Amino acid sequence: MHNKYLAMTPPMGWNSWNTFTWNINEELIMGAADALCTSGLKDKGYEYIVIDDCWSLKQRDEEGRLVADPEKFPHGMKYVADYVHSKGLKFGMYSCCGTHTCAGYPGSFEHEFVDAETFASWGVDYLKYDNCYKPKHINGEVLYKRMSLALRNCGRDIVLSACNWGHEDVHSWIQGSGAQLFRSTGDIQDNWQSVKNLFLSQIDKTAYSGPFCHNDIDMLIVGMHGSSNNEWIGELGACTDIEYRTHFALWAIMGSPLMIGCDIRNMTDAILETLGNEDLIRINQDIECRGPYCIRQWNNPESVLAMVKPLSDGTLAICFANLGDKRGEMSLQFWDLGIPYAANMGLEIYNCYTKENEGKFSERYVAVLEPHDSLTLIAKPVKLK
Ligand code: GAL
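Caption draft 1: Spotlight on the overall build of the protein. On a plain count of helices and strands, the protein comes out with eleven helices and 16 strands. For a compact globule of 385 residues, the expected C-alpha radius of gyration is about 21 Å, and the protein comes in at 21 Å, within 12% of that figure. Along the three orthogonal principal directions, the C-alpha set of the protein runs to about 75 × 40 × 35 Å. Within the protein, the fraction of its 385 residues that count as buried is 58%. By sequence separation, contacts in the protein at least 24 residues apart represent 73% of the contacts at least 6 residues apart. Total accessible area computed for the protein in this model is approximately 15,800 Å², and 50% of it derives from carbon and sulfur atoms. Distance between charge centres in the protein, computed from 34 positive and 50 negative side chains, equals 6 Å.

Caption draft 2: Region of interest: helix α5 (residues 140-152). Across its 13 residues, α5 extends 18 Å between first and last C-alpha, which sits within 8% of the 18 Å expected from 1.5 Å per residue. Turning to α5, its buried residues number three or more, namely Gly 140, Leu 143, Tyr 144, Met 147, Ser 148, Ala 150 and Leu 151. The arc that holds every buried residue of α5, seen down its axis, measures 160 degrees, which confines them to one face. Taken together, the buried residues of α5 touch α4 (112-122), β4 (126-130), β5 (159-162) and α6 (170-177). At the N-terminal boundary of α5, the capping side chain belongs to Asn 139, with an oxygen 2.8 Å from the backbone nitrogen of Glu 141.

Caption draft 3: How the structure looks around the site of the ligand. All residues in the neighbourhood of the ligand are listed as Trp 17, Asp 52, Asp 53, Tyr 94, Cys 102, Lys 128, Asp 130, Cys 163, Trp 165, Arg 183, Asp 187 and Met 219. At 2.7 Å, a side-chain N or O of Lys 128 approaches an oxygen atom of the ligand. The side chain of Asp 130 places a nitrogen or oxygen atom 2.8 Å from an oxygen atom of the ligand. Coverage of the ligand by the protein chains reaches 95% of its 310 Å² of free accessible surface. When the residues that make up the shell around the ligand are grouped by side-chain class, the tally is six nonpolar, no polar and six charged.

Caption draft 4: Expanded view of the domain arrangement of the protein. According to the domain assignment, the protein contains domain 1 (3-284) and domain 2 (293-383). A C-alpha centroid distance of 31 Å is found between domain 1 and domain 2. Across the boundary between the two partners, domain 1 contributes 20 residues, which contact 22 residues of domain 2. Together domain 1 and domain 2 conceal approximately 1,800 Å² of surface at their shared face, both sides included; 64% is due to carbon and sulfur atoms.

Caption draft 5: Structural context of the sheet that holds strand β10 (residues 304-310). As summarised here, the arrangement of the six strands in space is β9-β10-β11-β16-β13-β14, forming an open sheet in which the pairing is antiparallel. A strand with exactly one partner marks an edge of an open sheet, and here the two such strands are β9 (293-296) and β14 (357-361). The mean inter-strand angle of the sheet, taken between neighbouring strand axes irrespective of direction, is 25 degrees. Each of β10, β11 (316-322) and β16 (374-383) is contacted by helix α9 (residues 241-254), which is oriented at about 140 degrees to β11, the strand it contacts most.

Caption draft 6: Inspection of helix α3 (residues 77-86) at higher detail. Residues of α3 that are buried include every one of Met 77, Val 80, Ala 81 and Val 84, and no others. All buried residues of α3 lie within an arc of 100 degrees about the axis, which places them on one face of the element. Where α3 is buried, its residues touch α2 (26-38), β2 (48-50), β3 (90-96) and α4. Two residues or fewer after α3 comes Gly 88, characterised by a positive phi angle close to 80 degrees.

Caption draft 7: Region of the structure containing the sheet that holds β3. Overall, parallel pairing links the eight strands, which are arranged β7-β6-β5-β4-β3-β2-β1-β8 in an open sheet. A single partner strand is all that each edge strand has here, and the edge strands are β7 (214-216) and β8 (258-260). If you compare each strand with its neighbour and ignore which way they point, the axes differ by 25 degrees on average. Across three bridges, β2 lies against β3 in parallel orientation.

Caption draft 8: Highlighting the nonpolar core. The biggest cluster of nonpolar side chains holds 126 residues, and the ones touching the most others in it are Tyr 46, Trp 55, Trp 251, Leu 275, Ile 318, Phe 320 and Leu 337. No other element matches the eight residues that α9 contributes to this core. The two domains that each donate at least three residues to this core are domain 1 (3-284) and domain 2 (293-383). Once residues lying within four places of it in the same chain are set aside, the contact partners of Ile 318 are Ile 253, Ala 306, Met 307, Val 308, Leu 332, Leu 337, Leu 375, Thr 376, Leu 377 and Ala 379.

What counts, and at which threshold
Residues numbered from 1 in each chain as written. Predicted model: local features only at pLDDT ≥ 70, side-chain atom pairs only at ≥ 80, totals over all residues. Heavy atoms only, no water. Helix = DSSP H or I, 4+ residues; strand = E, 2+ residues; numbered from the N terminus. Rg over C-alpha atoms; globule rule 2.2 N^0.38 Å. Buried < 20%, exposed > 50% of the residue type's maximum accessible area, 1.4 Å probe, protein only. Contact = heavy atoms within 4.5 Å. Areas by Shrake-Rupley, 256 points an atom, 1.4 Å probe, with all protein chains shown as cover. Lys, Arg positive; Asp, Glu negative; His and termini not counted. Charge placed at Lys NZ, Arg CZ, Asp CG, Glu CD. Expected span 1.5 Å × (residues − 1). Arc of directions from axis to C-beta. Polar contact = N/O pair within 3.5 Å; in protein donor to acceptor, adjacent residues only side chain to side chain. Near = heavy atom within 4 Å. Nonpolar A, V, L, I, M, F, W, Y, C, P; charged D, E, K, R; others polar. Domains from an automatic or database assignment. Buried area = accessible area lost by both parts, 1.4 Å probe. Pairing = 2+ DSSP bridges. Axes fitted to C-alpha atoms, helices over the stretch in contact; angles between N-to-C directions. Core = buried A, V, L, I, M, F, W, Y, C linked by side-chain atoms within 4.5 Å.

As structure tokens, then:
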């Protein structure tokens, strides 16, 4: 590998799957690259444009190589990659460790090295690597190790985004595989229940991700507003903008990759504000990539909680979230964070949503949260007097 900083912090970008699934083509991908730039999101740190499943023909060519579908990608993949690169962005693609992808296109099983070569020749910078049609008798661990080695030796820096949905205790072996991110969950759907379930499923796994190997809770549904062409993803019917903001804040503080899944060519101001919140992005991209710890509201622990993440500048990022369906209070006792009031210490609080400094607080900070709402703060330990 030539770039020793490859995916040091969680990758950020856009992926075609959540909204467009099988309905992809060159124009869409190039349009998404344009939109990432013109929306200002590129300047906020989003850099990968990733084509998910359904990009190839159903058969390899006579030499056993993958072939881009000429109807969807009439100029070939290198052309698309070159366009994405010309915008100062990076280009991602998708394959699978089994014999076929989930949508039934050829997978990379036993073609890992030749496929890595093909991806490198097209100018691919990121490979999402799925888990469908994996031969049952084969351990997934060895297949992800195999593709990782193939990519690390293909002559180009290519991030490996392992996507085995958290199976086979992936968190326990993924560091050793060399992959830069690992999907720890099943597929997200564009509804609040799904966001809540995926977040809670990883709340006790925050110690397993760190620089160069990030726990991927799945791609974002922020801004989809029920627009997926896949009924299953759209089931139960979308989120409110408040729920999308809570989703983004939780993914950010959990250190998950921030891969946008909405149609970025058509975003509302509220969605752009959420996806472009520089404070939440800074929390996600903190160079130490520490996992947050959880403090639950003492009298409402199932619904209201705070995630607390130490940042490299000595401050604490704190995200309060109300996962329940009733208004709830979160009172964070500074004692729980290691702040001794008796020694004249308190916290200076900055609000990442209003962008206001709220001043110094002693002993506790209390917020009332509407159902599914959140509040993200940056807190700096200070002397009170
Ligand atoms: C799933 C994967 C999704 C998407 C889909 C494509 O296995 O988790 O994120 O890539 O396959 O068929």
